[in-house]
Each structure stands twice: as structure tokens, then as C-alpha cells.
Amino acid sequence: PNGRPTIQSEDGKYAFSIGLAFHEDFGGFIGVTPRGSEQKGKFNSFTSNARRLRVPLTWRYKDWVANVTPDYGGSNNDGVVGLYEANLNYAGLKNTILTVGYFQPRVTEEDSESSNDFEMMERPGITDIVRGIAAGDARFSVGGLHYEKRWWVAAYFTGQQFGGRNASGYYGGDGNVGDSQTGGMIRAAGRPVATRNWDLHLGISALSSIKPGDGTSGRTIKLSQRPEVNLGEDSLLSTGTITNVANVWAAGPEVGLRWRNLLLKGEYYHIGVDRARQNGGASMPTLGFQGWYAAANYTLFGKPRA
Amino acid sequence: PNGRPTIQSEDGKYAFSIGLAFHEDFGGFIGVTPRGSEQKGKFNSFTSNARRLRVPLTWRYKDWVANVTPDYGGSNNDGVVGLYEANLNYAGLKNTILTVGYFQPRVTEEDSESSNDFEMMERPGITDIVRGIAAGDARFSVGGLHYEKRWWVAAYFTGQQFGGRNASGYYGGDGNVGDSQTGGMIRAAGRPVATRNWDLHLGISALSSIKPGDGTSGRTIKLSQRPEVNLGEDSLLSTGTITNVANVWAAGPEVGLRWRNLLLKGEYYHIGVDRARQNGGASMPTLGFQGWYAAANYTLFGKPRA
Amino acid sequence: PNGRPTIQSEDGKYAFSIGLAFHEDFGGFIGVTPRGSEQKGKFNSFTSNARRLRVPLTWRYKDWVANVTPDYGGSNNDGVVGLYEANLNYAGLKNTILTVGYFQPRVTEEDSESSNDFEMMERPGITDIVRGIAAGDARFSVGGLHYEKRWWVAAYFTGQQFGGRNASGYYGGDGNVGDSQTGGMIRAAGRPVATRNWDLHLGISALSSIKPGDGTSGRTIKLSQRPEVNLGEDSLLSTGTITNVANVWAAGPEVGLRWRNLLLKGEYYHIGVDRARQNGGASMPTLGFQGWYAAANYTLFGKPRA
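Since the structure is predicted, the reported quantities are computational estimates derived from the model, not experimental observations. (Residues numbered from 1 in each chain as written. Chains lettered and ligands numbered in written order. Predicted model: local features only at pLDDT ≥ 70, side-chain atom pairs only at ≥ 80, totals over all residues. Heavy atoms only, no water.)

### Here we look at the overall build of chain A
For clarity, the cut-off: Per the convention used, a helix needs a DSSP run of H or I reaching at least four residues, while a strand needs a run of E reaching at least two, with both numbered from the N terminus. Based on C-alpha atoms, the radius of gyration is set beside the globule rule, defined as 2.2 Å times the residue count to the power 0.38. Partly exposed describes any residue whose relative accessible area lies between the buried limit of under 20% and the exposed limit of over 50%, with all areas from a 1.4 Å probe on protein chains only and scaled to the type maximum. We call two residues in contact whenever any of their non-hydrogen atoms come within 4.5 Å of each other. Accessibility throughout is a Shrake-Rupley quantity obtained with a 1.4 Å probe, and a residue counts as covered only by protein chains that appear here. Charged residues are defined narrowly, with Lys and Arg counted positive, Asp and Glu counted negative, and His plus the chain ends left uncounted. Charge positions are represented by NZ for Lys, CZ for Arg, CG for Asp and CD for Glu.
Along the backbone of chain A there are 2 helices and 19 strands. Here chain A has a C-alpha radius of gyration of 21 Å; the compact-globule value for 306 residues is 19 Å, and the two agree. A buried classification covers 47% of the 306 residues belonging to chain A. Intrachain contacts of chain A at a sequence separation of at least 6 include 59% that bridge at least 24 residues. For chain A, the exposed surface amounts to about 14,500 Å²; the carbon and sulfur share of it is 56%. Each charge class in chain A can be summarised by its mean position, and for the 32 positive and 29 negative side chains these summaries are 4 Å apart.

Right, here's the structure in full:
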């Protein structure tokens, strides 16, 4: 499918295909000199990174589809082989796909686009932070999505990421986990206006880590983000590790508006971190974080995005 | 073969196939509360694990078959990519398959069944312990098997597991190995009675690590076993690390009996650990361990196992 | 291509193939006993190693070719899964191949031969050391090669190896790299004499790490080499880690001469290490190393090498 080499039985019941998604970043930071006695961060003047190097394998038998996608790239520093997804899907119900396994449940507008279609090189920071709470790549998921002509809804129960209990895992797990994360996500989006000159997209996403994983330092969470390029640089934004976390949730709206060749789009998310009582017994404050982005695009040549 | 997508040259001399074995565990331990001042072990109330996620690649050229099977799952905590097997086979002699490479030489009755066919979710503990001595997954093996209509015999010289000298290996090796393990295994099994109502299966397995690997703590062995489910739980049964090991062997019989829909089966193994003299010169005692299991099955519906 | 299972669209524009290169070493060092109070090095009396276990995947679309080759073997101690190459090539210009991505740019005569064609089991030590400076497997490369009937020239800009910034990378990277290596290589070779009885091969290679990677100990280099067999043995030849390195270069000629069934061949390389000023300000000496090998072969039976 989609130009991937495919072999198929003559009656069309069985099929196998193998594809390739290869995103290679190379470049550097020019003129990064620390002031006075400050230390220089890790900003390479030249380096390279296999951002994504995925070989999607797909087996289909009638309405059942199995996907296994090894990833030979790495988010920020390649070198270790991992897994982008491994799941089993049933597409036998009308306009519905049910999924179980390691999956990327799509939450927020930017996360719902394929990494091949981003307007910018990377996702906006807030989108990356939000999806990391209980969605993101290779998240253990059980759920489904249903679509009609103008709208779309998806809901998944989600657990740990692939390798969440393995300290040398591709996604950086914790070998001391005694109880894994449980959570879930839901997203609904629609296109109430869809004419020749105007398009309006509205949506809402919510997700929660009801019970974060219980690892080396108890139930913790850390929200952090690099600059929106992945060339080995330090993380510039971080909450530090928040301990004694009871649950984490995030929710927010997404809006997109097209008028002829002009495309405006924005998202806002609020993140709430509820905390358990400390051992001593004092109750701890609930923490709130928020983030947004807005983007404007004008297509000069060619067919604008729908 | 067996429903795997396969491409083949027109004269049938060359063939390539790609398959998938995906076993995903998810669940948890309910009501595990430590007594008084005891510490809670690692028993997740909910977690998931890609128990096996194997993509068998098979190249065939006339009587030669090469198998390479990456494994994206993990025995107890997934997250690292490894290898289940990589071997070269010659099937040109009648009823005989010769093998060299990383292989799972089949020892004991339960280990000889495919993991797709187990009666229970996992192998019996004694079987897992015995196969780990000088067989198991991705063991370097040179040998063969021969089968006739009613019986079967196999013998392999075996070395280290894949990655046995690599501390960050998938199977957890030791970077300080100065001399790798050498050993071997033999199994013979037959079906002296095979009638409509009665089936009798008899067999015997023996294997030995003649010279265990010489690693960080010299030649050692540790026999241990988790509960028979793989969800991140602690190991409840262990000999601790036995040092100054000269050799380890295990042997025992297997019996299976079917009468109509009733299937009885059992195995018993004795494990002997001979020890070398300590540096001081005192001779050390030989250690013995044993284990068995018995299982009874009654097939209510469908075709019983042969 | 070359006997690999291949599927191709009917018009020949699209093609996909999957191959296998499997080199398994097994054996040991016999009679290695340390003298007096010396310590025994790591010389296994018996062990095995998957030297190379590569599954080359090739996608072709018209003049564009993408290669991705996972490697399940390891140079000296297998057990971790890595990447041999992942690159994109354009072959639309006459007798020219342009390449970008992780690649093995061919430098020196012995490195230019496929590992399937070596005269000996491994490359000569000097060749392995020289290629490691700024070429070798899975090196980030941008460049091309051009060939005519009697000569060949190639030039590549090269960066870090795959995983150079990842401490748990397959090739052993450094997680503290703040600035990655930049360098390049060039090789020209030709066959001025090519008759029935005589063949003369002449060539020259040069490569440089203009700016070695800036890691945990600053910009350093270490030239070392094991015996020319890969069975877990210690490295017997090493410069130790050279610190404060400004740049490293190597260059030298290659000569091959065939007279009927007799083949002579040799290479010589000089390695120069220029060093930056120390913090204190004293200038440090430039270091020079050199190495060569010569080989003579006589083909008794069969067709000699061209």
C-alpha cells in the first residue's frame, strides 16, 4: 500500500508489505559561545542524527492487520535499535479500527499528523510534552477509533511504553518499576465548515496518567523539552523530577482555519499534576502547567493542505 | 510455509519467507500486600510485556536453509532488541537436519514443544532451569537430529548463548569472559504405543555444561526461576551464585500417556553441580538439585492433542 | 540482485530485495599459558562470535536506491543489534554514484574489498586502524564515486559513526559529545597494465579527521588493534588515549601486481596526529605512526583473482 513493496495472495486475503521511513538530521549550531564564566552546553557545531529510520512490516489476513516497525533511528542520539510499534488491529467493523499492542495513540492536532507531514521540522514543544504523559510512540494501548465523513473520535486505555521496566530499553526505562503506569486518552475532532475557500477544524484532546509508574524514586514525573531540533543539544526547559505524584492529566482545544492559501492553526493545553500525601502526612499542592502555539502558513505554489 | 508470506523462484530452488510470532502478556497481581514489616516485592498491579515478538526470516536454496529471527520482545521486561536464532541447516540427508549456528536445541518434553503450543502459559519451572544449563534460545550449537516414523533422536555440541561475552547483550552476558562455556545435549524420544484410544510417549534428555564460562567471578552457575508468568515480578526461587563450578549436568525421563480425551504427562530431572578445588586446596562438595512436574488434561471439545 | 530474493514492479521501476551475509567465527587459542607471575589475557580456549550477521534491505525507485542493513553480529563480541549502513543513493549520472547517510566509504585497498572476498580472515591491522580514523562502517558520509573502465575515484565528507553520541550505541559512542567529528576521505585507484599474464594495480588513499569529536575527555584519539582474529581476545597493540588532538590524518599508497597465478600486494600508511595547545599554553608535539603489510598468493586451482 502507498507505494510500499507488497506481496499478496491471488484472492487478496493475505498480504505482506515492507516500507521505509528515513529522516536524517544533519547540521549544527553556529556562533554558540558562552558568556564570561558560563559553561557551554552540548550544542554541536556539526553533527548528524538518524531521527527516524523505520522499517514498517505489515501482515494482513482478511480484516486483521499486524504491524511491527523496528526503528533504527533515535529521537536525539541514534545508535540503539528499538521499536516504533507492534500491534494487532481489527478493521472488520464499519469505519472503525480496534487496536491492541504497542501503538502511537494520536492525541493533539500535531501528534495526529504523520511525522512525514509536519509543517515544521519537529512537533511544537507543548505537543511533545503532552503526548509523553500517556500517549507517544510504542505505548501499550487497547482501544479504537471511529470515523465518519466530517468527524473522528478515538479512545485508548494506555499502559507503559515499550521497555518501561527495562533500564537499558530504547525509550529509557526503569529496572526498579514495581507497578507500571496506567492511563488513557481521548480525542475528538471534526470539520464543521468545509467549502472551496474556507475550512474550519475543531478538536479536543484529553489524556491522563491515572497512576504513574512506581520506580526507583516512587511515582514521579518530569516534563522537559529540547529546542525544536534534534542535534544532540541539552534540554533547555524542564520541571525537574516531581515526586509523590498521584496522577497527571492534560487537556485542551485545537483550532485550524483555512482561507484560500492561508492556513492558521493553534493549540492550547493545560497540564495538572495531583500529588499524594508525603510519608509524613502533609498534603502537597497540586501543580499546573500550560503551553500553546500558533502557526500561520501561506502556500505560494502548489496545492495547499486540505 | 505454514501461511507465511513467501516468494519463490519458478523452479522452486530458491525461496524466502517472513513470518511473525507475537505473544503479548498483560495483567497484574491483585491483592499482593506485604505482611507487617516485610517489603513488597516487584509484583505489578498492572503491566504489559512483549513476551515474544519474533520475525523469522528464512532463506532456502535447494537443501540449505538459513534462518535469522530477530526478537523484539523480552523474556520478562521487553525494551531491547535481540536475536532468537541465526543458523544454517542442511536437510539433504534422509530424515535428518544438520545445524550450525545460534539455535534452540530441544531438550526435555516441554522445551521441545513450540511456545505456540504450550498447555500452560509458560514452561514448567524445572524445564526452564534445565534448558538454561546448556541449551535454550540462541545457543551456539553444532549437531543434528534424525527422525523415523515412531522415534526421534537429537544431539548437539553447544557453546555460549548469543552475546555471552557482551555485558550489554540481549541475554545478559559478561564482558570479562576469558573462556566461554562448552557443553552438549542429547535427547531421544519415541511413541511405542500409538492406537486410536491409547498413546504412550517415552523419552530421555541429558545435557551438560562440561566447562561453564569463566567470567568476572570465575566459573559459576546460578539456578533460579520466577513464578510461571512474566509480568516483571521478582524471582522467588534461586540457588544463589555457586562458585568454583567444574561442570553441571542434568538428566531425566519424560512420560506422556493419552487415553481417549485424557492426557497425562510428567517429567523429572536431576541436576548435579561438580565443583573444582578452591584456591586453598580443600575439595568442595558436589551439589544435587531435582525437580518434576505432572499435568493432567481433559479435552472437552474439539480434537485432542495427538 | 546477485541471487537475493527480489520483488519488482512489472515496468521495472520499483524493486525491493532482501539478502543475508552471515560470518560466524568459532574456535579458540590453544596452549596459551602465562609465564610465571604474569596474568593471563582474555584468550578463550573455545568460543564463538557472530562476526557479521547482516540483512541488507534495498528499495529501488528508478535511479534512487535506499539501503538499510541491520547487523545482528558484532565485531568482537556479538549480542547487541546495530546498523551496518542506512543511506540514500542517486545513480542517475553516468558512471557515478552519489551517496548520503550512514555508509562505509571505501579507503585503502583492503577496505575496498567486500568482507566476503578477503584473502585472509580479517583485514590487515594497519588497514583497520586507518579506516577507523574517518571512514569505516556506518560512517555519516556525503559524497560520491566515479568510475571509468580503468580507473576509479571517490571522495566523501564524513562525520561521526552511527551512535557516536550515544553511550550505549552499537559502535560504542560517548554520551558527552558536545561537538561531533568532521573529516573526509579520498581514494583514487587504477589499473594501468591489464593483459592476459600481467596486471598492475596502483592507488592512493588519504583521509583525515579534521576535528575529532569533543567528548568526555575533550578531543582524543586512540589507535589500537587486536590480533587478526576476533574471538574475544585482548587488544595487543594500542597507543593509549591521546588527548588534546587537533586533527588526525593518514595517507599512503597501495600496489598490486599479478603475474599469471601469482599475486603480490602491499600497502603502506603514515598516520599523523597534530595536537592543540594544552590549557597551560605549552605546544605539544605532533605524533607520527606508520604501518604496512605485504601479501603473496599463488592460486593452485581454479580461476585466479582478476
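### Some words on unusual backbone geometry
Residues and elements named next belong to chain A. For Asn95, which is not a glycine, the phi torsion comes out positive at approximately 55°. For Asn95, the position within the fold is in the loop between strand S7 (82-90) and strand S8 (96-103). Given the relative accessible area of 22%, Asn95 is considered partly exposed. One non-glycine residue, Thr108, adopts positive backbone phi at about 70°. Its place among the elements puts Thr108 in the loop between S8 and helix H1 (109-112). Its relative accessible area of 0% is what places Thr108 among the buried residues.

### Some thoughts on the interface of chain C and chain B
As a reminder of what qualifies: Here the buried area means the combined drop in accessible surface, using a 1.4 Å probe, for two parts upon being joined, counting both sides. Every case where a carboxyl oxygen of Asp or Glu lies within 4 Å of a side-chain nitrogen of Lys or Arg is listed as a salt bridge. A 3.5 Å cut-off defines polar contacts: any pair of N or O atoms within that distance qualifies, except that in protein one atom must be a possible hydrogen donor and the other a possible acceptor, and neighbouring residues in sequence count only when both atoms are side-chain atoms.
Taken residue by residue, the interface counts 29 residues in chain C and 33 residues in chain B. Taking both partners together, chain C and chain B bury about 2,400 Å²; carbon and sulfur atoms supply 61% of that area. Across the contact surface, chain C and chain B share 0 salt bridges. Between the two partners, chain C and chain B, sit 17 residue pairs in polar contact (both at pLDDT 80 or more). Of all the secondary structure elements, the ones that give two or more residues to the side of chain C that touches chain B are strand S1 (6-8), strand S3 (21-27) and strand S4 (47-54) of chain C. At 5 residues, the largest contribution of residues to the side of chain C that touches chain B is made by S4(C).

### What to know about the relation of the copies chain C and chain B
Note that the two copies of the chain are related through a rotation about an axis and a translation along the same axis. Under the convention used in this document: A least-squares superposition brings the copies together, and it is based on the C-alpha atoms of residues with pLDDT no lower than 70 in both.
Of the transformation superimposing chain C on chain B, the axial component is 0.0 Å and the angular component is 120°, with the fit at an RMSD of 0.0 Å. Such a combination of turn and shift is consistent with a three-fold rotation axis. Considering only C-alpha atoms, the residue of chain C closest to the rotation axis is Val81(C), which sits at 3.8 Å. When the interface residues of chain C are mapped onto chain B, a mere 10% of them again lie at the interface, so each copy presents a different face.

### Notes on the relation of the copies chain C and chain A
Mapping chain C onto chain A calls for a screw motion: a turn of 120° about the axis and a shift of 0.0 Å along it, with 0.0 Å RMSD after fitting. The residues that chain C uses at the interface reappear at the interface of chain A in only 9% of cases, marking distinct surfaces.

### A few points about the interface of chain C and chain A
Formally: Ten residue types, Ala, Val, Leu, Ile, Met, Phe, Trp, Tyr, Cys and Pro, are classed as nonpolar, four, Asp, Glu, Lys and Arg, as charged, and the remainder, Gly among them, as polar.
Between chain C and chain A, the residue contacts involve 33 residues of the former and 29 residues of the latter. Of the roughly 2,500 Å² buried at the junction of chain C and chain A (both faces included), carbon and sulfur atoms supply 61%. Counting every contact that joins chain C to chain A gives 0 salt bridges. The interface formed by chain C and chain A holds 17 residue pairs in polar contact (both at pLDDT 80 or more) in total. Split by residue class, the side of chain C that touches chain A holds 18 nonpolar, 12 polar and 3 charged.

### Topic: the environment of His146(B)
Residues and elements named next belong to chain B. Checked against the element boundaries, His146 lands in strand S9 (residues 139-147). Sequence separation between His146 and Leu93 is 53 residues, and the spatial gap between their C-alpha atoms is 9.4 Å. What His146 contacts, discounting residues up to four positions off in sequence, is Lys94, Asn95, Thr96, Trp151, Trp152 and Val153. Among the polar contacts listed, one links the side chain of His146 to the backbone oxygen of Asn95, at a separation of 3.4 Å.

### Considering a nonpolar patch on the surface
Our working definition: A residue counts toward a patch only above 30% relative accessible area and without a salt bridge, and it is joined to like-charged neighbours within 9 Å or, for Val, Leu, Ile, Met, Phe, Trp and Tyr, to nonpolar neighbours within 5 Å.
On the surface, Val193(B), Trp198(B), Leu257(B), Trp259(B) and Leu264(B) cluster together into a nonpolar patch covering about 420 Å² of accessible area. Within the secondary structure layout, Trp259(B) lies in strand S17 (residues 245-259).

### Observations concerning helix H2 (residues 125-134) of chain B
Residue and element names in this part refer to chain B. With 8 of 10 residues buried, H2 lies mostly within the body of the structure. All of the buried residues in H2 are Gly125, Ile126, Thr127, Ile129, Val130, Arg131, Ile133 and Ala134. In the stretch just after H2, Gly136 is the one whose phi turns positive, near 85°.

### A look at the environment of Val177(C)
Mapped onto the elements of the fold, Val177(C) is located in the loop between strand S10 (151-161) and strand S11 (182-194). Along the sequence, Val177(C) and Arg226(C) sit 49 residues apart, while their C-alpha atoms lie 26 Å from each other. Other than its neighbours up to four places away in sequence, Val177(C) contacts Lys42(A), Asn44(A), Gly164(C), Arg165(C), Asp214(C) and Gly215(C).

### Notes on the pairing of strand S2 (residues 14-18) of chain A
Residue and element names in this part refer to chain A. Here is the rule we go by: Here, any two strands with at least 2 DSSP bridges between them count as paired.
Burial analysis of S2 places 4 of its 5 residues in the buried class, which makes it a mostly covered element. Sheet topology places strand S1 (residues 6-8) next to S2; 3 bridges connect them, and they run antiparallel. In the sheet register, Thr6 faces S2, and the bridge partner there is Ser17. In this structure, the hairpin formed by S1 and S2 is closed by a connection of 5 residues, where Gly12 is found at a positive phi of approximately 75°. The pairing of S2 with strand S5 (residues 57-61) spans 5 bridges and is classified as antiparallel.

Take it as geometry only, folks, not as evidence of what the structure does.
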